[in-house]
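# Report on the structure
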Amino acid sequence: MNDGFDTDQATRLIAAARDAARHAHAPYSRFAVGAAVLLDDGSVITGANFENASYGLSLCAETVALATASAQGRLRDVVAIGVIGGAMDADGIATGLSPVSPCGRCRQVINEAAQMGGRDLPVHCGAAQGDAVRSYRLSELLPDAFGPADLGIG
């Protein structure tokens, strides 16, 4: 765990992301991803990746969770995010001991929530199994990000 981050928050979000990954629809990549978004009132919204036979139509777990927060009118309330991922075993369970971080597209989607809420969000990246967690500020993962602030929105 990186210094300066709330370890209880990270632990809670990684556990919720692992639970969400159990519901991943990933028959093509066989790589399950789960995400958990923490809101300012302490509630958590989760998402799992959702693949499609037309690969470009697939949705990442982070995008699913953040879109759900937005659909509930809560995009500005996001205060942290956790993500895990790993190759699926024969039972469809994510495996692996290395932390997984958001892809570039998801970093941009997370940035939307971060800028709308005026926060540099903590992003907790966990392994599918075990205790490995790396925590970052979004600005570390996506420096000089383009977003709503550049368009005068936020």
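Look above for the structure.
So, here is what we can say about the structure in this document. Sequence order sets the numbering: in each chain, residues are counted from 1 along the sequence as written. Confidence filtering applies because this is a predicted model: local features only for residues at pLDDT of at least 70, side-chain atom pairs given and counted only at 80 or more, and all residues used for totals across whole chains, interfaces and linings. Only hydrogens and water are set aside; all other atoms, that is, all heavy atoms of the structure, feed into the side-chain values.

## Side note on the pairing of strand S2 (residues 44-48)
At least two DSSP bridges between two strands are needed for those strands to be called paired. For helices the rule is a DSSP run of H or I covering at least 4 residues; for strands it is a run of E covering at least 2, with both sets numbered from the N terminus onward. Alignment of strand S1 (residues 31-39) against S2, held across five bridges, turns out to be antiparallel. Bridge assignment links leucine 38 to a residue of S2, and that residue is valine 44. The turn joining S1 and S2, which pair antiparallel and follow one another in sequence, is formed by four residues; a positive phi near 95 degrees is taken by glycine 42.

## Section: unusual backbone geometry
Trans is the common state for peptide bonds, and a negative phi is the common state for residues other than glycine. Of note in this structure, arginine 30 is not a glycine but carries a positive phi near 60 degrees. Mapped onto the secondary structure, arginine 30 falls in the loop between helix H1 (7-21) and S1. If you check the backbone angles, aspartate 144 has positive phi at about 55 degrees while not being a glycine. Positionally, aspartate 144 belongs in the segment after helix H4 (138-141).

## Brief notes about the packing of aromatic side chains
For any pair of aromatic rings, the description consists of the separation of the ring centres together with the inter-plane angle of the planes. Stacked, tilted and edge-to-face are the three classes assigned to paired rings of Phe, Tyr and Trp, where Trp is represented by its six-membered ring and a pair needs centres within 6.5 Å; plane angles under 30 degrees give stacked, over 60 edge-to-face, the rest tilted. By the definition in use, this model includes one aromatic pair. For the pair tyrosine 28 and tyrosine 55, a centre-to-centre distance of 5.7 Å together with 85 degrees between the ring planes defines the contact as edge-to-face. Separated by 27 residues along the polypeptide, tyrosine 28 in the loop between H1 and S1 and tyrosine 55 in the loop between S2 and helix H2 (61-71) bring together distant segments of the chain. A relative accessible area of 58% places tyrosine 55 in the exposed class. Burial classes follow relative accessibility: with a 1.4 Å probe on protein chains only, a residue under 20% of its type's maximum area counts as buried, one over 50% as exposed, and anything between as partly exposed.

## Overview of the pairing of strand S5 (residues 133-137)
Pairing geometry for strand S4 (residues 122-127) and S5, over five bridges, is antiparallel. Note that in S5 the partner of histidine 124 across the bridge is serine 135. Between the antiparallel neighbours S4 and S5 lie five residues, among them glycine 130 with a positive phi of about 85 degrees.

## Concerning the pattern of salt bridges
Pairing between side chains of opposite charge can happen when their charged atoms approach one another. Here a salt bridge means any side-chain nitrogen of Lys or Arg lying within 4 Å of a carboxyl oxygen belonging to Asp or Glu. Applying the stated criterion across every chain, the model contains four salt bridges. Of the charged contacts in the structure, one is a salt bridge between arginine 74 and aspartate 41, with a shortest N-O distance of 3.3 Å. Of this pair, arginine 74 sits in the loop between H2 and strand S3 (78-87) while aspartate 41 sits in the loop between S1 and S2; the two residues are 33 residues apart in sequence, bridging distant segments of the chain. On the basis of relative accessible area, arginine 74 is assigned to the buried category, the value being 18%. Across the pair arginine 74 and aspartate 77 runs a salt bridge whose closest N-O atoms are separated by 2.5 Å. Here arginine 74 and aspartate 77 have matching classes, each one buried. Put simply, Asp40, Asp41, Arg74 and Asp77 are held in one network by salt bridges that share partners.

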